[in-house]
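# Topology and contacts: notes
Here's the letter readout for the chains.
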Amino acid sequence: MLWKLSLTGIKSRRRDYAVLFSGLMLAAAIFYMFMTLAINPAFLKGALTISFSITKYVFIVGIILLSIITLVYIVYDNSFLLSMRKKDYGLYLMLGARTSKIGELIFAETLLVGFLATILGSILGIGLAQLVSKLLINQLGLQIHKFVGFYLPALLWTIVFFLALFFLAALWNRHKLVKSQVIDLLHEQQRPVNLRFHPVWKTIEAVLGIVLLAVGYWAMWNYKQLMTNSLWIGLITIVAGTYFTFDSLFSIVIRLLRRNQKFANRRLHSFTLGQLQFRLGAYTRILSVVSLLFALALGAITVGLNFHSLTDQAMESTYYDVVIYKHSPKVDRQLKHVSVRKTQNLNYKLVGTGKWQIIYVSEPQIAKEKLKYQHFYQKDGQAAYSTRTITPENIRKADEGYMQLSMLMPYPSAQIKLVSAKQYQNIKAKEQKTDFLLVNNFRQNFNQIEKLQHLAVKQIMDGPKVESSDITINLNNSKSAQYRLIASVASGFEFMGFFLGLAFLAMLASTLMFKVLSGAESDKLRYQMLAKIGAQVSWLKQAVRVEIGTLFALPAVLGIVDVLFGLQFFKSMLKNPYDRLWIPFTLFLVIYLLYYLLTVKMYEQLVLKNQH
Amino acid sequence: MNEILKAEAITKTYGARGAKQYQALKGIYFSLQKGEFVGIMGASGSGKTTLLNILSTLDVPTSGKVVINQHDLSSLNKKQLADFRGREIGFIFQDFNLLENLTNRENIALPLALQNVKAAEINEKVNAIAKRLGIDSILTKYPAEISGGQKQRVAAARALVHNPAILFGDEPTGALDSTAATELLTTMEKLNQEDQVTILMVTHDPYSASYAQRILFIKDGKIGRELEKGQASRADFYQEIIGELGRN
Ligand SMILES: Nc1ncnc2c1ncn2[C@@H]1O[C@H](COP(=O)(O)OP(=O)(O)OP(=O)(O)O)[C@@H](O)[C@H]1O
Ligand SMILES: [Mg+2]
């Protein structure tokens, strides 16, 4: 009998359950997708061609973060479920149902909802993984080849992780229901405001919160001096500071606004302020978590997108875009696909074989051609390059310029000797020529350029009397090879930053959404009453927008500030973490805004539904 | 005399067309003069709340016409109706309907704030009505911190603070014990006699009804009998009401 009642209870709240269920499904889907990404060797191999020690670390951090966030998310989703059921179950208890029976019911219900959501979410995740890999990889022009949607270990991990969480949630719900008094269950929604407010203590708390935040930001800003200490200082002070600020500063501001008669007595202002004060008391924890998640998500996207700048470094590290060692019809045909900006060349004569090879170049040509290379140095702990010219002097001294020239030649182990024009003439060997090209739009024409470089290397490798092992070294020195290497690493990070960022965003925004929506039930009466005493529907809608807007905006503002300071960490890894900041910020805020609008719409549906 | 409310041929049918329908009101005619205190009585399910909701613009009749203060309600759009409610009508409900997250003062001030009255004027009016109803000492408290009777007086203050043309009450004493109920009823009587506030109150409690000057009995969706207090004392009127209820 009770089972049947319980089912009708669910049926009558189909829409709420749909919201809840889709949220849980989303969480499972995201978790699955990240797991495939993190532990699927096909993806890792395809994305990251070289072992990059930091990669593993980043993925592990990613999994930990995602697990924590999923946990928080499920806790709030679950409290939404519980808040929906409390009244019903309170009623059954009042009518004489046994507590143990009710405990059984909520336990089974939580587990069932969780199980279904996990299974459906995983299936959704497989489809999404396929879709996202296609979309994201194409959109970002990432160099990732293999990414399969279905990966069994990831699926198993997801199911185990979620079922364990739901089992705990079910235990928790049963505990909550069995331990609560019937009266509390029935009047859950009418709990009065937390009226206690100690101005002195709140002020101290607010000051403390701001000071802690300031210390945290200072620590992040001075990353160079504090090094890893700044991470710990920052983490602790910012988390605590955020909490204290939410717990005190905002309620003080709202209190002051409420005191201001002129402001408070306009239309629904006093109502909105009352609601917010009421809410902030209950929201401190979630707002703190959301603001930190916001920072993490936005940070992940910003840093991820910024990894693209690594390819700038790859471009800067080598001066010539293409080096052609030998012409052939094939090479010349490919050359037509590349728009060459400038060509320089160097004639030389190769004498000897094996270890005893000598490259003779004429001094006047070296002096005239002014071949260039990129000199590496460190500036503020970061890689930097300056362009230098190869002079006859360099070659005589066999210094950096000499090494650079030697790397540009197809025989890197050969010795280079400088001779006068007349001596050069007299050397009895076939004259050869190397072309050094600068091209237009390296990035856009990368594929054609890479092909050209390949062909050029292949020509000389296929030629007679050449030891090919030496030449492969040069292929790795070419700009296109460097670029491909770095781009594949950067793409991996970009993909992950993007993915984690969007996943965090989706979860944090829906966490906030659930929290807001779970209060809708109790707000319904308030809005109905306001309408009865003459509030226009448009004012009510405005009040809803402002109230929810404030709840969305507060953590966003703190989160953005967190990111602006947090990017300091990446200064050692990335050239300019603040570069083109507006792209990730805009993208992020637009999605956040959409979540806000969705929440407002759903809330209006729940709260203002029955108003004619 | 001054007619403040007029109801003509009001019917109300619940249920969508084609679905199971139920006619709760079957043609109600009556009018209310300015300064009257009228009670509406009837058995449970007879349509009292339905009628009150229609008269107070919260609901629309299926057919018929309501005129309040020379305004034909059917000619007003949604926005005008809300505005009209805000200016001309005050409500007291059985379950108080105070906002728990606002102080009592803020609760009372709401109708004025909704009409964008100046802060100073709001303050003045709230203080005046609070004094009138004897609740000036609890204004800074929250509804959760006061008794049921006090809550109902706060609700009454909120219903009256903007000088409405009519005060509607649906079982305003329903949730109160007899002392608190008497307190509220005497307050209403006083407001009616001294300030000429027009009151229309639904109740099924004969004691509450005895405070009214005229009682409409509603039965099967129509107004059946009507009792006038006239010069009779409240005790006599109370007897008369009991008698009338007994006849049904
Ligand atoms: N929203 C509705 N939909 C369908 N029928 C309704 C609705 N509201 C009321 N009714 C029906 O209309 C009739 C009149 O209801 P109403 O609430 O006006 O009665 P009442 O006189 O106020 O009763 P009580 O003294 O119990 O409050 C009842 O039979 C009720 O079942
Ligand atoms: Mg009723």
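These numbers were taken from a predicted model, which means no experiment stands behind them.

## Regarding the sheet that holds strand S7 (residues 431–439) of chain A
Residues and elements named next belong to chain A.
- Ordered by their spatial adjacency, 5 strands build an open sheet running S1-S7-S2-S3-S6, and the pairing between neighbours is mixed. Only two strands of the sheet have a single neighbouring strand rather than two, namely strand S1 (322–324) and strand S6 (415–419). Between one strand and the next, the sheet's axes are offset by a mean angle of 30°, whatever the strand orientation.
- Examined bridge by bridge, strand S2 (residues 340–351) and strand S3 (residues 358–362) share 3 bridges and lie antiparallel to one another. Considered in S3, the bridge of Lys-349 is made with Tyr-360.
- Each of S1, S2, S6 and S7 is contacted by helix H17 (residues 400–408), which is oriented at about 110° to S6, the strand it contacts most.

## Some thoughts on the pairing of strand S3 (residues 37–42) of chain B
All names here are of chain B.
- Of all the 6 residues making up S3, 6 are buried; the element is thus mostly covered by neighbouring parts of the structure.
- The alternating pattern of S3 places Phe-37, Gly-39 and Met-41 and Val-38, Ile-40 and Gly-42 on opposite faces, both of which are buried.
- Bridge analysis of S3 against strand S8 (residues 198–202) gives 4 bridges, and the strand direction is parallel. When the bridges of S8 are listed, Phe-37 appears paired with Ile-199.
- Across 5 bridges, the pairing between S3 and strand S9 (residues 214–219) is parallel. Looking at the pairing, Ile-40 lines up with Leu-216 of S9.

## A short note on the interface of chain A and chain B
- Taken residue by residue, the interface counts 29 residues in chain A and 32 residues in chain B.
- Each partner contributes to the roughly 2,900 Å² buried at the junction of chain A and chain B, and carbon and sulfur atoms together form 58% of this total.
- Counting the contacts that link chain A with chain B gives 2 salt bridges.
- Our count for the chain A to chain B interface comes out at 9 residue pairs in polar contact (both at pLDDT 80 or more).
- Breaking the side of chain A that touches chain B down by element, the ones donating at least two residues are helix H11 (261–264), helix H12 (269–306), helix H22 (520–532) and helix H23 (537–566) of chain A.

## Description of the site of ligand 1
All names here are of chain B.
- Taken together, Tyr-14, Tyr-22, Ala-24, Ala-43, Ser-44, Gly-45, Ser-46, Gly-47, Lys-48, Thr-49 and Thr-50 make up the full set of residues near ligand 1.
- In this structure, Gly-45 approaches ligand 1 through a main-chain N or O atom, which is 2.8 Å from an oxygen atom.
- Here Ser-46 contributes a backbone N or O atom positioned 3.3 Å from an oxygen atom of ligand 1.
- In isolation ligand 1 offers 630 Å² of accessible surface; the protein chains occlude 58% of this area.
- For the shell around ligand 1, the element with the highest residue contribution is helix H1 (residues 48–55), accounting for 3 residues.
- Along the lines of polarity and charge, the residues of the shell around ligand 1 split into 4 nonpolar, 6 polar and 1 charged.

About the cut-offs
- Residues numbered from 1 in each chain as written.
- Chains lettered and ligands numbered in written order.
- Predicted model: local features only at pLDDT ≥ 70, side-chain atom pairs only at ≥ 80, totals over all residues.
- Heavy atoms only, no water.
- Pairing = 2+ DSSP bridges.
- Helix = DSSP H or I, 4+ residues; strand = E, 2+ residues; numbered from the N terminus.
- Axes fitted to C-alpha atoms, helices over the stretch in contact; angles between N-to-C directions.
- Contact = heavy atoms within 4.5 Å.
- Buried < 20%, exposed > 50% of the residue type's maximum accessible area, 1.4 Å probe, protein only.
- Buried area = accessible area lost by both parts, 1.4 Å probe.
- Salt bridge = Lys/Arg side-chain N within 4 Å of Asp/Glu carboxyl O.
- Polar contact = N/O pair within 3.5 Å; in protein donor to acceptor, adjacent residues only side chain to side chain.
- Near = heavy atom within 4 Å.
- Areas by Shrake-Rupley, 256 points an atom, 1.4 Å probe, with all protein chains shown as cover.
- Nonpolar A, V, L, I, M, F, W, Y, C, P; charged D, E, K, R; others polar.

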